[in-house]
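Spelled out, the chains give:
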Amino acid sequence: MKNILVTGGLGFIGSHTCVELINSGFTPIIIDNLNNSEPWIKDRIEKIVNQEISFYEGDCRDKELLNKIFTKHEITGIIHFAAHKAVGESVNEPLKYYENNLGGLTAILEISQKYNCSNLVFSSSCTVYGTPDSLPVDESAQIKSAESPYGTTKIICEKIIQDLSKADETYKSILLRYFNPIGAHKTSLIGELPLGVPSNLVPFITQTAAGIRENLTVFGNDYNTADGSCVRDFIHVTDLAKAHIKALEFLINKNEGTCEAVNIGTGNGNTVLELINAFEKSTGQKLNYTIGDRRGGDVEAVYADAKKSKDLLGWEAEISLEQSLLDAWNWQKTL
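For the structure given in this document, a descriptive report is provided here. (Residues numbered from 1 in each chain as written. Predicted model: local features only at pLDDT ≥ 70, side-chain atom pairs only at ≥ 80, totals over all residues. Heavy atoms only, no water.)

Before going further, it helps to spend a moment on the overall build of the chain. What the chain contains, in helices and strands, is 11 helices and 13 strands. Relative to the 2.2 N^0.38 estimate, which gives 20 Å for 335 residues, the radius of gyration of the chain is 19 Å and therefore close to what a compact globule would have. When its C-alpha atoms are laid out on the principal axes, the chain stretches across 55 × 45 × 40 Å. A total of 335 residues make up the chain; the buried ones form 54% of that total. Considering only contacts within the chain whose residues lie at least 6 apart along the sequence, 80% involve residues at least 24 apart. Computing the positive centroid from 31 side-chain charges and the negative centroid from 43, the chain places the two 3 Å apart. (Helix = DSSP H or I, 4+ residues; strand = E, 2+ residues; numbered from the N terminus. Rg over C-alpha atoms; globule rule 2.2 N^0.38 Å. Buried < 20%, exposed > 50% of the residue type's maximum accessible area, 1.4 Å probe, protein only. Contact = heavy atoms within 4.5 Å. Lys, Arg positive; Asp, Glu negative; His and termini not counted. Charge placed at Lys NZ, Arg CZ, Asp CG, Glu CD.)

Below you can see the structure in the form of C-alpha cells.
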C-alpha cells in the first residue's frame, strides 16, 4: 500500500480524492489546518471507505510537522491541494494569498527533495489562462497575466515547479489545471462545505434553493456569450478526484523526470444561466435570482480542450452536469 501525502485532504476536492485513493489501493496521509474544512469530514471519509485514515492537523508550511510525517511514514507521492482559493477575496487580500499559496508549495517541494520523494500532483487551475485567445483552451495556450492574485499564485507556483524540474532532472510532477469542480459524493456524506460566504457558484445556488440565502446574484448578463452570462467548464468532483489517481499512477510508473501541465475539464462550456436552468430541471427546485453587475476578476469564458488528459493519463469526465447538480443538492439537504 503506497502512502500518499494529501495536503488539504479534508477540503472539497481533497476529501473526494482521499476516497478515490483508497478505492485504488493507496493510503492517504492527510495534513490539513482546517482553515476551510471541518474535522468531522475525516469521519465521513472513513465511513465511505470503511477504514481509518491518518490525519495531522497543521499547516503544510510547518517544516517540523512535515519532517515528523515523512519520518513516520514512507511517502511515495504527494498531492498538494492546500491553498487559499477565493478569487474575490484574493483581490481584497493579495498578501494573504501570496504568503500562504507560495509558502505552502515551497515547503512541500523542499521536504519532497529532502526525502527523495517526487511524484507530485499539483492542484493548479484554469485561471492561469486568464482570458484565453481561443476556445477551447489547450495546455499550449500562452500563460498571460491572471485576472486575480489567486490566479497569479497558481501561475507562480507552476513556474516554481517547472524551475525545480529543470534544476533536478529526476523530479516528477504533474500540474493539473482544474476547471470548475461541482457536485458531491454519491453517498451525500461529503461535498463542498464553504465556511462563511461561499466563493463558488454552486453552493450559492444550493443555499438559495434551501432558503439559507434569499436570492442568488448572477454577476453580469452583458458578456459576449449566448445569454450574456459567463461561460465555465463544470466538472463533477468525483471525476476530478479520479484524475488525480490517474496522474499519480502516471508519475509512479515513469522512470525519468517529467513536468506536465494537464487540463482537467469536460471540454464543454456552459453559461451561468444554463447552470441555473439545469439545476432547476434536475432538482425540481425553482431559484430566486437577480442579475447584478460584473464582478472584478471574472473571465468572460473559459472551457477546456480535454484531449491531453485522455491521451496522456487515460482519463476523461463521465458524470453529467444534471447529475452533478443533483448530487450537490442532495448534499446540501444533509447540512
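Another point: the packing of aromatic side chains. The final tally for this structure, using the stated rule, is two aromatic pairs. The interplanar angle of 85° and the centroid separation of 5.9 Å between the aromatic rings of Phe 279 and Trp 329 together place this pair among those described as edge-to-face. Of the two residues, Phe 279 is situated in helix 9 (residues 272-283) and Trp 329 in helix 11 (residues 321-332); the sequence distance between them amounts to 50 residues. Exposure class is identical for Phe 279 and Trp 329. Each is buried. Above the plane of the ring of Tyr 223 lies Arg 294, whose end atom (NZ or CZ) is 4.0 Å from the centre. (Phe/Tyr/Trp six-rings, centres within 6.5 Å; stacked < 30°, edge-to-face > 60°. Lys NZ or Arg CZ within 6 Å of the ring centre and 35° of its normal.)

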